[in-house]
Amino acid sequence: EFTEKALNAQRDTFFVFNPLTKKAIHWNSAFNEASGYSDDEIANLPAPESYYSSEDLVKATHVIEQMLNGEHISVVLDLINKDGSSIPFEYQANLIPGKEGEQHIVSVGRDITERLQAESVLKKTTLEWTAAMDASDDALYMLDLNRNLLRANKTFYLMTGTTPET
């Protein structure tokens with residue numbers, strides 16, 4: 001009861017399934033919420049086929065093979081929920097032994113929607129900043145506190161006769 005309460009208190013999804021039978025063994029309420037499926041539906045849906053696109057299933061199959069070879073993995077897959085929308089999740093997964101020598105996969109998934117949005121904004125901002133810097137006819141550069149060159153524009157490299165690699 002304590003373990004069940006602890007798992008359900010988590011915002012991350014927790015999901016255990018048997019890769020041979022494709023049956024879900026255990027999951028937490030965060031998985032119900034993210035997937036949109038009831039406990040009965042999850043118990044009767046094949047895993048992982050019911051939750052991912054065919055492209056992600058290829059990735060998942062490769063990951064399962066890695067785990068069967070003893071590797072601990074981290075993978076990003078888009079969870080397709082009951083209403084057909086998808087949520088990007090980063091999963092940490094590993095094998096755990098079951099009864100009679102069976103292997104189960106336990107995965108903990110974190111919704112990375114906000115992280116991906118922030119990375120996209122950062123990438124766009126970096127491209128805009130770089131374009132603005134490179135448009136200047138003046139040599140512009142940034143140094144860290146130890147006077148190591150962090151970034152310079154094209155004019156800087158032309159004036160100094162150096163390249164970004166040097």
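What this report covers is the structure whose coordinates are included nearby. Bear in mind the structure is a predicted one, so any value in this text is a computation, not a measurement.

### Quick notes on the environment of E4
With respect to the secondary-structure elements, E4 resides in helix α1 (residues 2-8). With a relative accessible area of 33%, E4 lands in the partly exposed category. Linking E4 and N146, residues 142 residues apart in sequence, is a C-alpha distance of 51 Å. Once residues within four sequence positions are removed from consideration, E4 is found in contact with H26 and W27.

### Some remarks on the nonpolar core
With 26 residues, the main nonpolar core has F15, I42, Y51, M67 and L79 as its most contacted residues. Elements supplying a minimum of two residues to this core: β1 (13-18), β2 (23-27), α2 (29-35), α4 (54-68), β3 (73-80) and β4 (86-97). Sequence-distant contacts of L79, defined by excluding residues within four places in its chain, comprise F31, A34, S35, Y51, Y52, S85, S86, I87, F89 and Y91.

### Quick look at the pattern of salt bridges
Tallied over the entire structure, the rule returns nine salt bridges. The shortest N-O distance in the salt bridge between E41 and K82 comes to 2.7 Å. Pair noted here: E41 is in helix α3 (residues 39-44) and K82 is in the loop between β3 and β4, with a separation of 41 residues, a long-range link. Its relative accessible area of 26% is what places E41 among the partly exposed residues. Of the residues examined, K82 reaches a relative accessible area of 47% and is grouped as partly exposed. E90 is the salt-bridge partner of R115, the closest N and O atoms lying 3.3 Å from each other. Here E90 lies in strand β4 and R115 lies in helix α5 (residues 113-135), a separation of 25 residues in the sequence. In the salt-bridge network here, residues are joined through shared partners; they are E90, R115 and E119.

### Some thoughts on the sheet that holds β2
Ordered by their spatial adjacency, five strands build an open sheet running β2-β1-β5-β4-β3, and the pairing between neighbours is antiparallel. Single-partner strands in this sheet number two, and they are β2 and β3. For this sheet, the mean inter-axis angle between neighbouring strands, taken without regard to orientation, is 35°. Contacting β1, β3, β4 and β5 (103-111), α4 crosses the sheet at an angle of about 150° to β3.

### Regarding unusual backbone geometry
A cis amide bond, omega 5°, links A47 with the succeeding residue P48. Tracing the backbone through its elements, the reader meets P48 in the loop between α3 and α4. Unusually for a residue other than glycine, K22 sits at a positive phi of about 65°. Structurally, the position occupied by K22 is in the loop between β1 and β2. Positive phi, close to 65°, is recorded for R147, a residue that is not glycine. As for its position among the elements, R147 is in the loop between β6 (141-143) and β7 (149-152).

### Section: the pairing of β4
As paired elements, β3 and β4 share eight bridges and run antiparallel to each other. Bridging across to β4, D78 finds its partner in P88. The hairpin formed by β3 and β4 contains five residues between the paired strands, and G84 there has a positive phi angle of roughly 90°. Connecting β4 to the next strand, β5, in antiparallel fashion are five residues, including E100 with a positive phi near 50°.

### Quick look at the packing of aromatic side chains
Counted according to the given criterion, the structure contains 10 aromatic pairs. Ring plane angle 80° and centroid distance 5.2 Å describe the contact between F31 and Y51, whose orientation is recorded as edge-to-face. On the criterion of sequence distance, the pair formed by F31 in helix α2 and Y51 in the loop between α3 and α4 is long-range, its members being 20 residues apart. On the basis of an interplanar angle of 45° and a centroid distance of 5.3 Å, the ring pair of Y141 and F156 is categorised as tilted. With Y141 in strand β6 and F156 in helix α6 (residues 154-160), this residue pair connects regions lying 15 residues apart in the sequence. Grouping aromatic residues by their ring pairs yields a cluster made of F15, F17, F31, Y37, Y51, Y52, F89 and Y91.

Reading guide: rules and limits
- Residues numbered from 1 in each chain as written.
- Predicted model: local features only at pLDDT ≥ 70, side-chain atom pairs only at ≥ 80, totals over all residues.
- Heavy atoms only, no water.
- Helix = DSSP H or I, 4+ residues; strand = E, 2+ residues; numbered from the N terminus.
- Buried < 20%, exposed > 50% of the residue type's maximum accessible area, 1.4 Å probe, protein only.
- Contact = heavy atoms within 4.5 Å.
- Core = buried A, V, L, I, M, F, W, Y, C linked by side-chain atoms within 4.5 Å.
- Salt bridge = Lys/Arg side-chain N within 4 Å of Asp/Glu carboxyl O.
- Pairing = 2+ DSSP bridges.
- Axes fitted to C-alpha atoms, helices over the stretch in contact; angles between N-to-C directions.
- Phe/Tyr/Trp six-rings, centres within 6.5 Å; stacked < 30°, edge-to-face > 60°.

By themselves these figures say nothing about function.
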